[in-house]
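Residues per chain, in single letters:
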Amino acid sequence: MDYKLQMGVESHLEMGSLDHSSMDDLDDECLYNPEMDAQKAHSTDTIEQISLSSSLPVGGRKMIRNGVYKSIKTVVFSNKLNLLMPFGPLAILVHKTTAHNGWVFFLSLLGITPLAERLGYATEQLAFFTGPTVGGLLNATFGNATELIISIYALKSGMKRVVQLSLLGSILSNMLLVLGCAFFCGGLVFHRKEQVFNKATAVVNSGLLLMAVMGLLFPAVLYYTHTERHVGKSELALSRFSSCIMLLAYAAYLVFQLKSQKDLYIPIDEEGSQNEEQSDDDDEAPEISKWESIIWLAIMTAWISILSDYLVDTIQGASEAWDVPIAFISVILLPIIGNAAEHASAIMFAMKDKLDISLAVAIGSSTQISMFGIPFCVVIGWMMGREMDLNFQLFETATLFITVIVVAFFLQEGTSNYFKGLMLILCYLIVAASFFVHEDPSSTGESKQPKT
């Protein structure tokens, strides 16, 4: 009887259902110690905490591993153009084992092509988290990052003419080739109507491009008319002063675009309705997270910087091996590779009848290169002790001036069709042929200067 009573009391104690009166009655009959129950409860909690702490890191590591795998699969293996990525390491291997500069240059170009496109992709993903206005600026900035990186490496090597010609070629390819292909492909898809875009954006960008032409024209005219007050110094001083003014104007343009006139840059169709386009945009969602986008931007920028160094080092050897002028390589080949992201996105948006975005990509990129990229390189050269100026020579300056005038005429109506696109593409072919037969004597001497 005492045994059964003791067992019942112990079972009640384990379930925690024993009241205080029964505890007092049975203190003498059972040898129960309250500290034992507390110790058991504490040990149970400790075991649970240990099991939880041991399981969380495993699950966390698995989650991180799955996230990394998914991010790599999305960014690296989702685009067929990324099949060209192995050409980047191959270019470095060929450079280390052989002296074929032509092959190193060609492989570096192929390796940079998918990197430039993926740089634009990561920027677009980051734009989902920053809003449309800041996202547009990010697209323009990192869309031109390839050209700016190549220019800085060339400037460091003392190749001033390569910097000037590659930036000039970026402007020409965006205004003629990229915009022309966007107009042409969009016009073919919507051949039964004329596509429309916001004329206010086109007018502002055309004005900035004409201001850039003015900044490039006066140093060249000053040099070729031999009217410098201080020979060899006035042209450089004017270039640096004009560059600071152009950077100030571009900063004011950013304030104008972001703060004062936001409504001017909202795409509006002829009927003034935006609901359908906004509903289409709402369906789109980011494929990678914000921090993944930032990490991929850093990786792509670093890899492009490495390949740009090899690209600049072998440009002279490629010119001699292929018997192609450096001017043609700098103005035509380099910008086509660097503008791969803008080229693809501008055509894609035009075929979706979102011509305002195509215009912002093509003309906006040209505006940023002319009003920010070129003056920025002049200031960077000033800091490096390099005499980088705005004298792009008469042939190049005249080409840019005529291009800006032609594009401004095509944009003044606020409409586009496939014929306008075809005209712009044919104009670019004329420009390309002109630089193929143009020999720039100053680029040959500068390209042979050793790096410091």
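Not measured: the values here are computed from a predicted model.

This brings us to the overall build of the chain. Looking only at helices and strands, the chain features 19 helices and two strands. Burial statistics for the chain: of 452 residues in total, 46% are counted as buried. Here the contacts in the chain between residues at least 6 apart in sequence split such that 82% fall between residues at least 24 apart. Only carbon and sulfur atoms are counted for the fraction: they give 65% of the accessible area of the chain, which is about 23600 Å².

Along helix H13 (residues 315-322), the positions that sit buried rather than exposed are Ile315, Gln316, Gly317, Ala318 and Ser319. Positive backbone phi, approximately 55°, marks aspartate 323, located one or two places after H13.

Attention shifts here to the environment of serine 78. The residue serine 78 is located in the loop between helix H3 (34-75) and helix H4 (87-97) in this model. Polar side-chain contacts of serine 78 include one of 2.2 Å to the backbone oxygen of threonine 74.

The next point concerns the nonpolar core. Core analysis: the largest hydrophobic core is formed by 97 residues, its most contacted members being Leu179 and Leu411. The element that contributes the greatest number of residues to this core is helix H8 (residues 160-189), accounting for 15 residues. Filtering out sequence-adjacent residues up to four positions away, leucine 179 remains in contact with Asn174, Leu359, Ala362, Ile363, Val407, Leu411 and Leu424.

Under the definition given, this model contains two cavities of 30 Å³ or more. Looking at the second largest cavity, its volume works out to about 30 Å³. In this structure, the second largest cavity is lined by Met175, Ser206, Leu209, Ile363, Val404, Val407, Ala408 and Leu411. Elements supplying a minimum of two residues to the lining of the second largest cavity: helix H9 (199-224) and helix H17 (394-411). Considering every element that reaches the lining of the second largest cavity, the biggest residue donor is H17, with four residues.

What follows covers the pattern of salt bridges. Following the criterion strictly, the structure yields four salt bridges and no others. When the shortest N-O distance is used, the salt bridge between arginine 161 and glutamate 396 registers 3.1 Å. With arginine 161 in helix H8 and glutamate 396 in helix H17, this pair connects stretches of sequence that are 235 residues apart. Each member of the pair, arginine 161 together with glutamate 396, is buried.

A grouping of Leu188, Tyr418, Phe419, Leu422, Leu426 and Leu429 is seen on the molecular surface, where their side chains present a nonpolar patch of about 550 Å² in accessible area. Counting residues per element, the nonpolar patch draws most heavily on helix H18 (residues 418-436), at five residues.

Before going further, it helps to spend a moment on the packing of aromatic side chains. Summed over the entire model, instances satisfying the criterion amount to nine aromatic pairs. Taking 5.9 Å as the distance between ring centres and 40° as the angle between the ring planes, the aromatic pair formed by tyrosine 250 and tyrosine 253 counts as tilted. Taken together, the residues tyrosine 250 and tyrosine 253, both in helix H10 (residues 234-260) and three residues apart, mark about one turn of the helix. Each member of the pair tyrosine 250 and tyrosine 253 is classed as buried. Each member of the aromatic cluster is reached from another via a ring pair, and the members are Tyr250, Tyr253, Phe372 and Phe376. In this structure, arginine 118 packs its charged tip against the face of tyrosine 121, placed 4.2 Å from the ring centre.

It is worth spelling out the UniProt feature "transmembrane region" (unreviewed entry) in the chain at this point. UniProt feature "transmembrane region" (unreviewed entry): in the numbering of this structure it lies at residues 165-190, 202-225, 237-256, 294-312, 324-351, 357-382, 394-412 and 418-438. Across residues 394-412 one finds 95% helix and 0% strand; the C-alpha atoms that close the span lie 27 Å apart.

Quick notes on the rules
- Residues numbered from 1 in each chain as written.
- Predicted model: local features only at pLDDT ≥ 70, side-chain atom pairs only at ≥ 80, totals over all residues.
- Heavy atoms only, no water.
- Helix = DSSP H or I, 4+ residues; strand = E, 2+ residues; numbered from the N terminus.
- Buried < 20%, exposed > 50% of the residue type's maximum accessible area, 1.4 Å probe, protein only.
- Contact = heavy atoms within 4.5 Å.
- Areas by Shrake-Rupley, 256 points an atom, 1.4 Å probe, with all protein chains shown as cover.
- Polar contact = N/O pair within 3.5 Å; in protein donor to acceptor, adjacent residues only side chain to side chain.
- Core = buried A, V, L, I, M, F, W, Y, C linked by side-chain atoms within 4.5 Å.
- 1 Å grid on protein atoms, 1.4 Å probe; cavity = no way out; pocket = protein on both sides within 12 Å on 5 of 7 lines; lining within 4 Å.
- Points joined across faces, edges and corners; volume = space filled by probe spheres on them.
- Salt bridge = Lys/Arg side-chain N within 4 Å of Asp/Glu carboxyl O.
- Patch = residues over 30% accessible without salt bridge, like charges linked within 9 Å, V, L, I, M, F, W, Y side chains within 5 Å.
- Phe/Tyr/Trp six-rings, centres within 6.5 Å; stacked < 30°, edge-to-face > 60°.
- Lys NZ or Arg CZ within 6 Å of the ring centre and 35° of its normal.
- UniProt positions renumbered as here; feature names shortened; annotations may be inferred.

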